[in-house]
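Chain by chain, the residues:
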Amino acid sequence: MRVQRQVDVVLQNHTQELLAIEDGLNVQGSWAAPGPPKTGAIVAKQGSGKWTSISTEEGIAAEGFIRFSCTKGYIQIHWRLPREADQFEFAVHTPEEDIAFSVRVSGANYDFRVLLVTLLPVHKAAKK
């Protein structure tokens, strides 16, 4: 079994929120070791998690999403690495008023991507 496409999704939680995995799905392709996100598993405060989405068939994308819940709302990460690997797509949704994020994409080549999502607390100005 040869991996055609691979996306490593790394989440760094730089907030004081416990993130519970609500759902995770590979729309196309499959999960590689250590396996799919487990519903109810926690990404700790100041912790991290990593999941790998792969495609082993030519022409099939590595595509999926993971949704987390916390006291501020829901966070969702979606990715799609299609056959045309230079057209990699991702989207991150957070409760904007409370949690910000930064994204970095890297990888050895277009067929292998690392999607690093860092969640950050939003610092609100003190009210007078």
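(A) Structural view of the sheet that holds strand β4 (residues 42-43). Spatial strand order, β4-β2-β6-β7-β8: 5 strands in an open sheet with antiparallel pairing. Bordering the open sheet on either side are β4 and β8 (89-93), each of which pairs with just one other strand. Pairing of strand β7 (residues 73-81) with β8 involves 5 bridges; the strand directions are antiparallel. Looking at β8, one finds that Ile 77 is bridged to Val 92.

(B) View of the nonpolar core. Val 7, Leu 11, Leu 19, Trp 51, Phe 68, Ile 77 and Trp 79 are the most contacted members of the largest nonpolar core, which has 23 residues in total. Those elements that place two or more of their residues in this core are β1 (5-13), β2 (19-28), β6 (62-70), β7 and β10 (112-121).

(C) Main features of the side chain of Ser 53. Considering the arrangement of structural elements, one finds Ser 53 in strand β5 (residues 48-55). Exposure remark for Ser 53: the relative accessible area of 0% places this residue in the buried category. A distance of 3.0 Å separates the side chain of Ser 53 from the side chain of Asn 26, its partner in a polar contact. Here the side chain of Ser 53 touches Trp 79 through a polar contact of 3.2 Å, side chain to side chain. Contact partners of Ser 53, with chain neighbours within four places excluded, come to Arg 5, Gln 6, Val 7, Asn 26, Ser 30, Trp 31, Ala 62, Glu 63 and Trp 79.

(D) Representation of the pattern of salt bridges. Counting across every chain of the model gives 5 salt bridges. Glu 63 is paired through a salt bridge with Arg 80; the nearest N and O atoms lie 3.2 Å apart. Of this pair, Glu 63 sits in strand β6 while Arg 80 is found in strand β7, placing the two residues 17 residues apart along the sequence. Residue classification places Glu 63 among the buried residues on the basis of a relative accessible area of 11%.

(E) Up close: the sheet that holds β5. Taken together, 5 strands build an open sheet; the order of strands is β3-β5-β1-β10-β9 and the sheet is mixed. Strand pairing shows two members of the sheet lacking a second neighbour, β3 (30-31) and β9 (99-109), which therefore form its edges. Examined bridge by bridge, β1 and β5 share 8 bridges and lie antiparallel to one another. Across the sheet, Val 9 pairs through a bridge with Trp 51, a residue of β5.

(F) Local environment of the environment of Ile 99. In this structure, Ile 99 sits in strand β9. Separated by 27 residues in sequence, Ile 99 and Lys 72 have C-alpha atoms that sit 7.8 Å apart. Among all residues touching Ile 99, those that are not within four sequence positions of it are Thr 15, Glu 17, Cys 70, Lys 72, Ile 75, Thr 94, Leu 119, Leu 120 and Val 122.

Reading the values: rules and limits
- Starting afresh in each chain, residues are numbered from 1 along the sequence in its written order.
- Local features are withheld for residues below a pLDDT of 70 in this predicted model, meaning they are given only at 70 or higher, and side-chain atom pairs are given and counted only at 80 or more; totals for whole chains, interfaces and linings count all residues.
- Calculated side-chain values reflect all of the structure's heavy atoms, with hydrogen atoms and water omitted.
- Strand pairing is assigned whenever DSSP detects at least two bridges linking the two strands.
- Starting at the N terminus, helices and strands are each numbered in turn, a helix being any DSSP run of H or I of at least four residues and a strand any DSSP run of E of at least two.
- Put simply, a nonpolar core is a bunch of buried Ala, Val, Leu, Ile, Met, Phe, Trp, Tyr and Cys residues held in one set by side-chain atoms that sit within 4.5 Å of each other.
- The rule is simple: take the accessible area with a 1.4 Å probe, protein chains only, and divide by the maximum for that residue type; under 20% is buried, over 50% is exposed, in between is partly exposed.
- In the analysis that follows, any N or O atom pair within 3.5 Å is treated as a polar contact, provided that within protein one partner can donate a hydrogen and the other can accept it, and provided that, for residues neighboring in sequence, both atoms belong to side chains.
- Contacts are assigned to residue pairs with any non-hydrogen atoms lying within 4.5 Å of each other.
- Criterion for a salt bridge: a side-chain nitrogen of Lys or Arg within 4 Å of a carboxyl oxygen of Asp or Glu.

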